[in-house]
Amino acid sequence: MTLADYSDNNLRQAGRPRKAPAWLTGLFGALVLLGAVSMLAGVNGSTPQRAWLAYLVNLVFWTGLAAGSLLFSVILTLTHAHWGRALKRLAESVSSFLPVSLLLLAGLYPGRRLLFTWIEHPIPEKAAWLNADFLFVRDEIGLLLLSLTGAALLYLSLRRDQRWVAGAGGPVAAQGDEAKAVVFANIYGILYFLVLSLLAFDLIMSLDPTWYSTLFGAYYLVSAFYTALALLFILALLAVRYLDLSSFITPTHFQKLGKLMIGFCLMTSDFFYTQFLVMWYGNLPEETGYLIKRIRFEPWHTLSWVVLCAGFIIPFVLLLSSRIKRKGTAMLALCGLIVVGMWLERFLLVVPSVWPGTELPIGISELAITGGFLGLIGLCVTTFLRFFPVLPVADPLFLHHLELTAHEEER
Amino acid sequence: MSATRPVLSIFADFDDLLAAITALQAKKIEIADVHAPTFQPELLTALKLKRSPVRFFTLTGGILGILSGFALAIYTASQWHFIVGGKPPVPRVPYVILAFEFCILFSVLCNLGGMLLLARLPKHKLPAHYDARCTEDRFCMLLHCPVAERQEIGQMLRKLGAEEVNDLG
Amino acid sequence: MNQPAPKMTQRQVNDTIMAAMSPPTKEYYAWLALCLCGALIGGGCWAYQIATGLGVAGINHPTMWGTYLINFVFWVGIAHSGTLISAVLYLFGAPWRTPLARSAEAMTVFAVSIAGLFPFIHMGRVWIVYWILPYPNQRNLWPNFQSPLLFDVIAISTYLTVSLLFWYTGMIPDLAIIRDRAKGLRQKLYGFFALGWTGSQNQWRHYSLAYLLFAALATPLVVSVHSVVSWDFALSIAPGWHSTIFAPYFVAGAIHSGLAMVLTLLIPMRRILKLEEVITIPILENVAKTIIFTGLIVAYSYLTEAFIAWYSGNVAERGIFHWRAVGHYAPFFWLMVTCNTIVPLALYFKKVRTSIVPLFIISLLINLGMWYERFVIILSSPAHDQDPYSWGLYFGPTWVEYGILLGSFSLFFFLFLLFARFLPTVSMTELKEELTPRRRAQSQPKSGGQP
């Protein structure tokens, strides 16, 4: 590629919004429908708790994923990094799910009694915090703030691209926009920490209301970011293969993204271990119950090992090699494994606190509900990319990076 | 082997050096070494040098470290089988920390050791052809030039931008 | 955060940095002597303590850990940001790291060494400290590897070894530069430590990968070492200590205080050694921005701990957090909160983070706040734990402890002054690497010197 290849026309062509093929949209739509039907059937069936648990697991998983994806874009903005700009829009597309999760959280309200034991049996010392209405209101406000800040960031990022695509000539010198984006990025970063911790404390930790862990919120938000990176990798691979962006998303991008992934894999494992160690060591009854349920009793014991291997050990060992990051199919499988592993991890955090049985409550119905959520986020991503450019075409740092890359290749 | 003489050429400009290396490789002249004041990955590529195997030393050290950490902890705990704080006599959970620290320590030591071994350091005497300007801002290229082609090579190098082309010993 | 490299030639880089190593002024000797005196005072106090016993230190039931532990955690914390700057930022390829890295690494080595002294200082019978090491003996006695104090021993020794070797390895090409410019004894000495480095491609090939691996290994080490130090507290069941967030909280706090110490050291140093062209204001600004980030994480930790203490419903947990805010040590608690979380917010204003004096004052305040954070954490929990009958206070620090505190700071600055005199405070080689443009326009004239 020479600098000429990165000409305005090429950028306009490559960065243009893309309409997803009809079959894909249809598939996502079908999944959503199937999920909704399963949810309704499950809720009105004999074990509604299973359906609500599946709903909750998916809610916390996909919401974290969406928020974490936008965090990638925020980090790029705050560090003025050049390299990841080509991936920025892909990351932002996933975050379009955030407003949807606002509605989905409200959708959890009818099932609250089956999930939160402290509604029927309130705990006096915690009643001021653990009451259903307050919980839902504060979590909705949190998600709303997160969505609004995200929307502001997306607006700033997309506005200059739209202007550039619509107008003629070179990129708009958008210094003012960049400064505003930094302000909102700061706010988003702070909200990410606070709101995701709040969601973790309220929606996952409170399921076992006598248990507590100060690191739990941070663990949730770091693991959400890790999973978001894996998803971004998948999206980048798909973009290279099907959206013909191979000249913009290069092997270097995959190398760097892979390194970020291994870093956050280590960080998530470290956060997991640090919680585990402190609770194991202190041996306090109010803390160990949570652990013992998950490591001593079946089926959770086996599931814990599956999660550990799929989410952490296998990815860590494989990501050590730099060669694997160049192999598209292998990485697709690995990142898929991470996403599945982390979904199971959320399952492991949520379900044993509530589900009394000794069988894993994962069946066709629950998988269908999961599929429904997947369909929803798929529709969000494809709709987003249908209207907005897939590359941040007017981002000055993106263009600067292209110039640098072109010069490197010319040498 | 036809008689060759060591020739040292000094370059100021990096592009000139790369051009000279390409030209010399075309003429099949042996380039013994290039001394540079900073690390230049393009030089490694130009001289067709492979990626350093030091990483295998590091990996070996790391694995040894993990095994030693666990081994030391498990061995010492197995001597008396004390039950401390209600925990099993030989617990795995805290030993992960030890294994981790030993892993890092051993990998670092093997990393450094491997680097010194592979780079043939420490060198007690600097090579005869060493020019102090190599650490300043000049590139010094040592080549073994057949006697017959000495003049020609010298002219070519000067044309390509060499500041000096000196015979050694 | 990409800063243009200083507009210098390679030769000028060498000249500027080595000029800082020229024979020192009388002022330098005065400061050096002062620091040496301080270190000797500290040494004297310690000798008195060994002779008289730990009772002179103000440690008593129930607060069995006092300023020695505070200093230990403080100095390990300072060490961490050195490795962060030099190893972590290297991995991220942040260009603003280069002028700071060498001094930051030196800071790490000296800080860890001093931190490592404090477990010794805290011991009554220092002469049997070797009992803590796992060596075979007649009675088949071994240290308990389940104890966090043992983790400390292993972790701190590993950290000292690794940071020393990382620092030294980074200096090898620079020592070669000094060797090549020096004569006589100086040349022999620097030549010895330069290991005969000539900059040949074989050497560079292995060196560059080894250095990258060093950085990659030092990064998880940094996190693990301060996590281990935090587990000295978190693995107990004392209220206020037993908390899962301690490990990342301490690591973030360590980086926070360490970056502040970097500013405290480098702001005077760049002035005295005339390195303003190399350690520029934008670089200090980047350090300031990172301080904002770590400050926010520390604030998050304070909030989460306070919230969960209430949420837990545990009487002792709620009690200790309440007591920290209103009890005997409340002034220090509020000092800690203000200096660590509110003061750094001033750095959001560009005017503040690009002016030297506010930066320096803020860095001092953060250091003060972080020292008192360790004070509040370490002293409040034993003073106010589950059993009200055993509540008590720490009425230190005593003069012995003040002496040793003074000694530790003096020793640190003494070592740093020696470093500034005898070793290059900025990595010449890395700075030169940044200068050589990666790309040159084909139209540049072939002859001619470096840009």
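Residues numbered from 1 in each chain as written. Chains lettered and ligands numbered in written order. Predicted model: local features only at pLDDT ≥ 70, side-chain atom pairs only at ≥ 80, totals over all residues.

1. Looking at the overall build of chain A
Turning to step 1, where the next piece is worked out: When its secondary structure is counted, chain A shows 16 helices and zero strands.
Turning to step 2, where the next piece is worked out: Taking all 411 residues of chain A together, the buried fraction comes to 46%. (Helix = DSSP H or I, 4+ residues; strand = E, 2+ residues; numbered from the N terminus. Buried ≥ 20, exposed ≤ 12 C-beta atoms within 10 Å, placed from the backbone.)

2. Let's talk about the nonpolar core
Turning to step 1, where the next piece is worked out: The biggest cluster of nonpolar side chains holds 307 residues, and the ones touching the most others in it are A:Leu232 and C:Val262.
Turning to step 2, where the next piece is worked out: Here this core spans two domains, and each of domain 1 (4–37 + 136–167) and domain 2 (54–118) of chain B adds at least three residues to it.
Turning to step 3, where the next piece is worked out: Every residue in contact with C:Val262, bar those within four places of it in the chain, is listed here: C:Ser81, C:Ile85, C:Leu100, C:Ala104, C:Met107 and C:Val287. (Core = buried A, V, L, I, M, F, W, Y, C linked by C-beta atoms within 7 Å. Domains from an automatic or database assignment. Contact = placed C-beta atoms within 7 Å.)

3. Some thoughts on the confidence of the model for chain B
Turning to step 1, where the next piece is worked out: Of the residues in chain B, 98% reach a pLDDT of 70 or more, and the chain-wide mean stands at 89.
Turning to step 2, where the next piece is worked out: When the elements of chain B are averaged for pLDDT, strand β4 (residues 162–167) of chain B gives the smallest value, 84, and helix α4 (residues 95–118) of chain B the largest, 96. (pLDDT = per-residue confidence, 0-100.)

4. Some details on the interface of chain A and chain C
How big an interface is tends to be stated in terms of accessible area lost as the parts join.
Turning to step 1, where the next piece is worked out: Facing the 28 residues of chain A at the interface are 23 residues of chain C.
Turning to step 2, where the next piece is worked out: Breaking the side of chain A that touches chain C down by element, the ones donating at least two residues are α9 (175–204), α10 (216–242), α11 (251–282) and α16 (396–410) of chain A.
Turning to step 3, where the next piece is worked out: When residues of the side of chain A that touches chain C are assigned to their parent elements, the largest contribution, nine residues, is made by α11(A).
Turning to step 4, where the next piece is worked out: Here the side of chain A that touches chain C is composed, by residue class, of 13 nonpolar, ten polar and five charged. (Nonpolar A, V, L, I, M, F, W, Y, C, P; charged D, E, K, R; others polar.)

5. Describing the environment of C:Thr429
Turning to step 1, where the next piece is worked out: Its location among the elements puts C:Thr429 in helix α15 (residues 428–435).
Turning to step 2, where the next piece is worked out: For C:Thr429, a count of 24 C-beta atoms within 10 Å gives the class buried.
Turning to step 3, where the next piece is worked out: Sequence separation between C:Thr429 and C:Pro282 is 147 residues, and the spatial gap between their C-alpha atoms is 21 Å.
Turning to step 4, where the next piece is worked out: Excluding residues within four positions of it along the chain, C:Thr429 makes contact with B:Thr38, C:Pro173 and C:Asp174.

6. Description of the pairing of strand β1 (residues 4–11) of chain B
Residues and elements named next belong to chain B.
Turning to step 1, where the next piece is worked out: Here β1 pairs with strand β3 (residues 139–146) via eight bridges, running antiparallel. Paired with Arg5 across the two strands is Cys145, which belongs to β3.
Turning to step 2, where the next piece is worked out: With five bridges joining them, β1 and β4 adopt antiparallel strand pairing. Counterpart to Val7 in the pairing with β4 is Asp167. (Pairing = 2+ DSSP bridges.)

7. Regarding the interface of chain C and chain B
Turning to step 1, where the next piece is worked out: Contacts between chain C and chain B engage 54 residues on the former and 56 residues on the latter.
Turning to step 2, where the next piece is worked out: The set of elements that each furnish at least two residues to the side of chain C that touches chain B consists of α1 (10–19), α5 (148–181), α7 (201–234) and α15 of chain C.
Turning to step 3, where the next piece is worked out: No other element matches the 17 residues that α7(C) contributes to the side of chain C that touches chain B.
Turning to step 4, where the next piece is worked out: For the side of chain C that touches chain B, a count of residues per class yields 22 nonpolar, 25 polar and seven charged.

8. Quick word on the domain arrangement of chain B
Turning to step 1, where the next piece is worked out: As assigned here, chain B comprises domain 1 (4–37 + 136–167) and domain 2 (54–118).
Turning to step 2, where the next piece is worked out: Computed over C-alpha atoms only, the centres of domain 1 of chain B and domain 2 of chain B are separated by 49 Å.

9. Some thoughts on the packing of α5(C) against helix α6 (residues 184–193) of chain C
Residue and element names in this part refer to chain C.
Turning to step 1, where the next piece is worked out: In the contact formed by α5 and α6, the axes pass within 8 Å of each other and the chain directions differ by 160°. When the axis of α5 is compared with that of α6, the two are roughly antiparallel. The chirality of how α5 crosses α6 is left-handed. Note on element contacts: α6 touches α5 through Gln187, Tyr190, Gly191 and Phe193, opposite Leu175, Ile178 and Arg179.
Turning to step 2, where the next piece is worked out: Residue composition of the contact of α5 with α6, grouped by class: four nonpolar, two polar and one charged. (Axes fitted to C-alpha atoms, helices over the stretch in contact; angles between N-to-C directions. Parallel < 35°, antiparallel > 145°, perpendicular 65-115°, else oblique. Left-handed = near helix turned anticlockwise from the far one by under 90°.)

10. Side note on unusual backbone geometry
Turning to step 1, where the next piece is worked out: For the peptide bond that leads from A:Glu298 to A:Pro299, omega is 0°, which places it in the cis range.
Turning to step 2, where the next piece is worked out: With respect to the secondary-structure elements, A:Pro299 resides in the loop between α12 (285–296) and α13 (300–319).
Turning to step 3, where the next piece is worked out: In this chain, B:Leu121 is followed by B:Pro122 through a cis amide linkage whose omega measures -10°.
Turning to step 4, where the next piece is worked out: Here B:Pro122 lies in the loop between α4 and β3.
Turning to step 5, where the next piece is worked out: Here the phi dihedral of A:Asp244 falls at roughly 55°; this positive angle occurs in a residue that is not glycine.
Turning to step 6, where the next piece is worked out: Structurally, the position occupied by A:Asp244 is in the loop between α10 and α11.
Turning to step 7, where the next piece is worked out: A:Asp244 sits in the exposed class, given 12 other C-beta atoms within 10 Å.
Turning to step 8, where the next piece is worked out: The residue A:Asn283 is not glycine, and still its phi comes out positive at about 60°.

11. Here's the deal with the packing of helix α4 (residues 98–121) of chain C against helix α8 (residues 246–272) of chain C
Packed helix pairs are characterised by how far apart their axes lie and by the angle those axes make with each other.
All names here are of chain C.
Turning to step 1, where the next piece is worked out: For the pair α4 and α8, interaxial distance at closest approach is 11 Å and the crossing angle is 120°. By the angle class used here, α4 and α8 are oblique. For the pair α4 and α8, the crossing hand works out as right-handed. Contact with α4, carried on its side by Leu100, Ser103, Ala104 and Met107, involves Met261, Val262, Leu265, Leu266 and Met269 of α8 and no other residues of that element.

12. Quick look at the environment of A:Leu115
Turning to step 1, where the next piece is worked out: Take A:Leu115: it is sitting in helix α6 (residues 112–115).
Turning to step 2, where the next piece is worked out: Put simply, A:Leu115 and A:Leu148 are 33 residues apart on the chain and 28 Å apart in space, counted from C-alpha to C-alpha.

13. Topic: α8(C)
Turning to step 1, where the next piece is worked out: For α8(C), spanning 27 residues, the distance from its first C-alpha to its last is 39 Å, which sits close to the expected 39 Å at 1.5 Å a residue.
Turning to step 2, where the next piece is worked out: A positive phi of about 55° marks C:Lys274, the residue just after α8(C). (Expected span 1.5 Å × (residues − 1).)

14. A look at the sheet that holds β3(B)
Residues and elements named next belong to chain B.
Turning to step 1, where the next piece is worked out: The sheet built from four strands is open, its strands ordered β2-β3-β1-β4 with antiparallel pairing. Lying at the two open borders of the sheet, with one neighbouring strand each, are β2 (30–35) and β4. Averaged over all adjacent pairs, the angle separating strand axes in this sheet is 20°, with direction ignored.
Turning to step 2, where the next piece is worked out: Two strands pair when backbone bridges link them, and β2 and β3 are joined in this way by five bridges, in the antiparallel orientation. In the sheet register, His35 faces β3, and the bridge partner there is Cys140.
Turning to step 3, where the next piece is worked out: Running at roughly 20° to β3, helix α1 (residues 14–26) makes contact with β1, β2, β3 and β4 of the sheet.

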